[in-house]
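Fold and contact review
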Amino acid sequence: MNGDVAMAVLPVLVALVVLWRGLRPLRDVDLARWQARFDATIPDSDVGFVTRRLQRSRRVRSTLVAAGLAIGGLPAYMNLIDPARSAEFANSLVGSAWLFGAAAGAVIAEVVVDQRPRRRIAALLERRPEDYVDARLVRVVMLAVPVVVALAVISTSMRSFDWWEAWVGVVAAVVAAGGVHVGLHAIADRPALDPAGPVGEVDDALRADGAHHLVGAALALAATGADAAAPSLDGAGAIPALLLTVVALLAYVWWWLLARDVRWSVRRARATA
Amino acid sequence: MITVSVDDTSPVPPFEQVRAQIARVITTGAVPAGARLPTVRQLAHDLGLAPNTVARAYRALEEADLVETRGRRGTIVASGAAGTPAPDDALRAAARDYLDAAARLGASADEALAALRAAATT
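Residues numbered from 1 in each chain as written. Chains lettered and ligands numbered in written order. Predicted model: local features only at pLDDT ≥ 70, side-chain atom pairs only at ≥ 80, totals over all residues. Heavy atoms only, no water.

Regarding the layout of surface pockets
Residues and elements named next belong to chain A. What counts is decided by this rule: Only protein atoms enter the calculation, which uses a 1 Å grid: trapped sets of points that fit a 1.4 Å probe without letting it out are cavities, open sets showing protein on both sides within 12 Å along at least five of seven lines are pockets, and any residue with an atom within 4 Å of a point is a lining residue. Grid points are joined across faces, edges and corners, and a volume is the space filled by probe spheres set on the points. In DSSP terms, a helix is any run of H or I states spanning at least four residues, a strand is any run of E spanning at least two, and both are numbered starting from the N terminus. Residue polarity is assigned by list, with Asp, Glu, Lys and Arg as charged and Ala, Val, Leu, Ile, Met, Phe, Trp, Tyr, Cys and Pro as nonpolar; anything else, Gly included, falls into the polar class.
In this structure, the largest pocket spans a volume of roughly 980 Å³. Taken together, 30 residues form the lining of the largest pocket, with Arg58, Arg61, His213, Ala259 and Arg260 sitting closest to its centre. Elements supplying a minimum of two residues to the lining of the largest pocket: helix H1 (3-23), helix H2 (28-37), helix H3 (47-72), helix H7 (97-111), helix H10 (200-229) and helix H11 (238-260). Per-class residue counts for the lining of the largest pocket are 17 nonpolar, three polar and ten charged.

Comments concerning the sheet that holds strand S3 (residues 67-69) of chain B
Residue and element names in this part refer to chain B. Just so we agree on the cut-off: DSSP-based pairing: two strands are paired if at least 2 bridges between them are found.
Taking strand neighbours across the sheet as the criterion, the three strands line up as S2-S4-S3 in an open arrangement whose pairing is antiparallel. Unpaired on one side and paired on the other, strand S2 (36-37) and S3 mark the two borders of the sheet. Across two bridges, S2 lies against strand S4 (residues 75-77) in antiparallel orientation. Within S4, the position partnered with Arg36 by the bridge is Ile76.

Focus: the interface of chain A and chain B
Put simply, the rule reads: Residue contacts are counted whenever heavy atoms from the two residues lie within 4.5 Å of one another. Accessible area that two parts lose when put together, with a 1.4 Å probe and added across both, is what the buried area reports. Definition used for salt bridges: Asp or Glu carboxyl oxygen within 4 Å of a side-chain nitrogen of Lys or Arg. Under the rule applied, a polar contact is a pair of N or O atoms within 3.5 Å (in protein, one hydrogen donor and one hydrogen acceptor; residues adjacent in sequence only if both atoms are side-chain atoms).
In this complex, chain A contributes 19 residues to the contact, which on the side of chain B involves 25 residues. Counting the surface chain A buries against chain B, the share from its top three residues, A:Arg120, A:Leu124 and A:Glu126, is 43%. Seen at the junction of chain A and chain B, the total is four salt bridges. The residue A:Arg120 makes a salt bridge to B:Asp8 at a minimum N-O spacing of 2.0 Å. Across the chain A-chain B interface, the total number found is 13 residue pairs in polar contact (both at pLDDT 80 or more). Secondary structure elements with two or more residues in the side of chain A that touches chain B: strand S1 (121-123) and helix H9 (165-189) of chain A. By residue number, the principal contributor to the side of chain A that touches chain B is S1(A), which donates three residues. Counted by class, the side of chain A that touches chain B contains twelve nonpolar, one polar and six charged residues. Two strands pair when backbone bridges link them, and S1(A) and strand S1 (residues 3-5) of chain B are joined in this way by three bridges, in the antiparallel orientation.

Okay, structure coming up:
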């Protein structure tokens, strides 16, 4: 297999691995970790319900990431089909398609949840997005928009290499901020299952889980947008752009941690609000 | 946790049930002044009501000076609206909270009462 074929096959393989991981069933150890992470105890009667919800969200997210990864391989596919046109597809929009897919998947996974209350009982307690995820992270995503716009304006005025790609960075930041806004309100406004029953804390944990996936993907997308918007300079002028690349890499790590590791207790978040 | 509920079998209209329950918890001091109430959309979704029904209840509460609506900042209990809970009301509210906590642990009301008696005698 020559290098060009390998480069074309690699994105597809990675996409299939992502898809496979997203489709595999949740194990008992996964549920135990999830309960510990989000300070919730799943009643025996609700294990099936929680498992189905978590698996469906994971399927939606991984499917869209996989689609984005496959799209990201477009330059490599074109290199096999029509090498002269391959360069047309080698840009930051195609390259970050997987991140757009991740953010879209995280939003869609929350928006499509059709949850009905089990009893006609409501807690006299406003559900706010900051109950489910650190509000500081949300502010970082929102503040990224004006920062990325400023970087794009600088890049455009300097006409640095591929200056138009800076505006792809703006699109990324706007999509990240918009996705967080829409997704977090979908999470908070979703009907409560049964606030007075044992499933109440599980309901909160499911919301927090979705919020963490959403904000993590948005952080990674916004940071990548900032990296794409930064002007390309030589010499010492390259340092700020290099720093933004490091920030983007750190955002990927933070996304991983938010999606899999960071602990969050809705009960504690409300008590300290 | 303070809750409101809708009884489908009651002849009282849903908006009046919601209004009366919220008015009671405010005037007995169970919910302090400045506390934020759920948004119209959230309360409507949770109770299976139309948003306009909840909005009507909130308007009635605002006309009675029990709540203040602050647009995007939501609806809060008005200052001066919250009463000081009578000792009996506070005790009943505490008992309700305990029974809710026991229910979340999967205990029945009888089991919760037995645990309370055991704790009281030790």
